[in-house]
Each structure stands twice: as structure tokens, then as C-alpha cells.
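# Geometric and topological summary
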Amino acid sequence: MRFVSSAVGSFLGLVFPSRCLVCEAPLHPMRDCPLCPEHFRKILLVEPPLCSRCGRKMSGESVEALVCAECRSRSTYHDAGHSACAFAEPIRYLIHLFKYGKRRYLASFLGRLLVDYIRDRADMAGYDAIIPVPLHWRRHWTRGFNQALDLARPLSRHFCIPVMKGNLRRVRYTTPQVGLLGKERESNIRNAFRARNPAKVAGTRLLLLDDVITSGATLNECARVLKRAGASWVTIVTLAQASGTWVVPEPQALSGATRA
Ligand SMILES: [Zn+2]
Ligand SMILES: [Zn+2]
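Residues numbered from 1 in each chain as written. Chains lettered and ligands numbered in written order. Predicted model: local features only at pLDDT ≥ 70, side-chain atom pairs only at ≥ 80, totals over all residues.

## Let's talk about the overall build of the protein
So the rule is basically this: Only DSSP runs of H or I covering at least 4 residues are called helices, and only runs of E covering at least 2 are called strands; the numbering of each starts at the N terminus. Our exposure labels follow a C-beta count within 10 Å of each residue's own C-beta, placed from the backbone: buried means 20 or more other C-beta atoms, exposed means 12 or fewer, and partly exposed covers the counts in between. C-beta atoms are placed from the backbone for every residue, and two residues are taken to be in contact when these atoms lie within 7 Å.
When helices and strands are tallied, the protein shows eleven helices and six strands. Counting only residues that meet the buried cut, the protein has 37% of its 260 residues in that class. Counted over contacts in the protein with a minimum sequence separation of 6, partners at least 24 positions apart contribute 73%.

Spelled out as C-alpha cells, the structure:
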């Protein structure tokens, strides 16, 4: 019976690993973490100076402006932002396993990372709902789940903010943003979303959640639609931020683990 339930759990991606997902060192059975202490310590949490509007790390001349160059380069519709980790190893690898590697159980660990980061740095009072960035139904169908919704649940539980599903819809199938430049990303994603029931978001303060922020074009387009539907405030929340400045340590340590 135990074998059957673990086989089913494994198929669904729900069984927690007994070994570190990076180096395969045995994990403490009571520790609800898929990494050994050494690899857990390599997670790079993002520290100030941060952009007040998107939460990304700033450098150089943009520090004094409090808003990063990316946010200043276009009309931004989100009012604030938090982004917990660098999109570098081992987080990049865990997100990859979570989205594409049948390791859906990682949502609880990754969501908790996000909760811990935000809890120590932001006031979460006064929000009406968390809205996960939606997938187009075709992508949802091939992946089987929306990673943003899975990450929203731990936040919802911890901060007692309901998740609003199904209102923000992805109505246009878009090619992946990977490989596109800033302006191309903006035009690729333009008019891809719609608020199905604007009355439900009118006057609300919202958390808009996604797994990774790269250029921010997708989150900004969602925020534009929500503001046009009447939302009074939109804070974007992401687990990780991609940037050319992050060092990616230990590729050799990960190469063996990509078999998993
Ligand atoms: Zn390890
Ligand atoms: Zn910014």
C-alpha cells in the first residue's frame, strides 16, 4: 500500500526527496527542504538597493532614482514589487524541476522561501487578493498546472489573502518571451490578457504573482489590464529575478543532477 501511494505520489510529483536534488547528499527526514545545508546556503536572497517598483536589484546610477532603468524605460502600471532570489543556481535548477521536471511538490518549499522573504521586508496588510499570472489554456494543458497558482497558495495561507482565480485570463497565445529583446517582449505580450469581470477588481489592492521576472513586460501588461479594470494598487511579487549580473556557481555540481 505504501509502495502504491508513493508510486502515485511520484507520478504526480508530490513525493518529497530523501536526497539533495543537486548533490544527492542524504537529507534529514524531518527537514522539509529539498537541498542539503551546503546547497541551501547558496540561495542568493536579493538585498538592497532594490527598485521600489519591481523589487529588482539596482546598480550604478539608478540607485538614487529608487526606480530601476527597466521600469523607467516604459510606463509601469505596478506600484511596488518584491522579488526574493537571484535566478541563479540552485534556485534556477529548482524552478526548472518544478515547472518541467515533475517536481510539483517544490511549490511548498519555493513558496515558503517567498513568504519568509516578504514577511521580513514588507507590510502585507490591506491586500484584497493574490492574482497568479495566468497561462494560456494551451500551455496550461501541456504543463498540467500553473506554477504561479501553486506558488500563490503558501502566500495566501500565510498572509490570509484569498487567491483570485479565473478573472485575469490569458486570451492570446504568445510565443515564449525567451530570446526576445525588451521592446519585442512588450509587443509580443500586448493585449494577451483580459479581466473577465472588471467589477471584481475595481477599487482593490492586488498582489500579482509570477515565478520569475525577466524584463517585467508580462507582469507590467497584467498590471495594465488590472488597473484599466479599476484596481487601485498592484504590487508584483516574484520568486526570482533574472539578471545578467548574477553569478551562477558550480555548474559542474548541477550537471550530474540534471538526469533527475
Ligand atoms: Zn547538496
Ligand atoms: Zn524596477
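## Details of the packing of helix H8 (residues 182-189) against helix H10 (residues 217-228)
For the record, the criterion: The axes used here are C-alpha line fits, helices contributing only the stretch in contact, and every angle between their N-to-C directions lies in the interval 0 to 180 degrees. Orientation labels follow simple angle bins: below 35 degrees gives roughly parallel, above 145 gives roughly antiparallel, 65 to 115 gives roughly perpendicular, and whatever is left gives oblique. Crossing handedness is defined as follows: a turn of the near helix away from the far one that is anticlockwise and smaller than a right angle gives a left-handed crossing, while the clockwise case is right-handed.
At a minimum axis distance of 9 Å, the contact between H8 and H10 shows a crossing angle of 40°. Accordingly, the angle class assigned to the pair H8 and H10 is oblique. For the element pair H8 and H10, the recorded crossing hand is right-handed. Along the contact surface, H8 presents Arg-185, Glu-186 and Ile-189, while H10 presents Ala-217, Thr-218 and Glu-221.

## Let's talk about the pairing of strand E6 (residues 233-241)
To keep things clear, this is the line we draw: Strands were regarded as paired on the criterion that DSSP finds at least two bridges between them. Handedness of a crossover is defined as follows: orient the strands so they point away from the viewer, and if the path from the first strand over the helix to the second runs clockwise, the crossover is right-handed.
With eight of nine residues buried, E6 lies mostly within the body of the structure. Taken together, the six bridges between strand E1 (residues 80-86) and E6 define a ladder with parallel strand orientation. Paired with Ala-80 across the two strands is Thr-235, which belongs to E6. Pairing between strand E5 (residues 205-213) and E6: eight bridges, direction parallel. Its bridge partner being in E6, Leu-208 is matched across the sheet by Ile-236. As a crossover connection, the stretch from E5 through H10 into E6 is right-handed.

## Some thoughts on the sheet that holds E5
Within the open sheet, the four strands sit side by side as E1-E6-E5-E2. Their pairing is parallel. Two strands in the sheet have a free side with no partner beyond their single neighbour: E1 and strand E2 (129-132). Pairwise comparison of adjacent strand axes, ignoring direction, gives a mean angle of 20° for this sheet. The sheet contact formed by E2 and E5 spans four bridges and is parallel. Paired with Pro-132 across the bridge in E5 is Leu-209. Across the sheet, helix H7 (residues 147-159) is in contact with E2, E5 and E6; its angle to E5 comes to roughly 125°. In the packing of H10 onto the sheet, the strands contacted are E5 and E6, and the crossing angle to E5 comes to about 165°.

## With respect to the nonpolar core
Inclusion rule: The term nonpolar core refers to a group of buried residues, namely Ala, Val, Leu, Ile, Met, Phe, Trp, Tyr and Cys, whose C-beta atoms join them within 7 Å.
Counting 61 residues, the largest nonpolar core has Leu-208, Leu-209 and Leu-226 as the members making the most contacts within it. Once residues lying within four places of it in the same chain are set aside, the contact partners of Leu-209 are Ile-130, Ile-131, Pro-132, Val-133, Ala-148, Leu-151, Ala-152, Leu-155 and Val-237.

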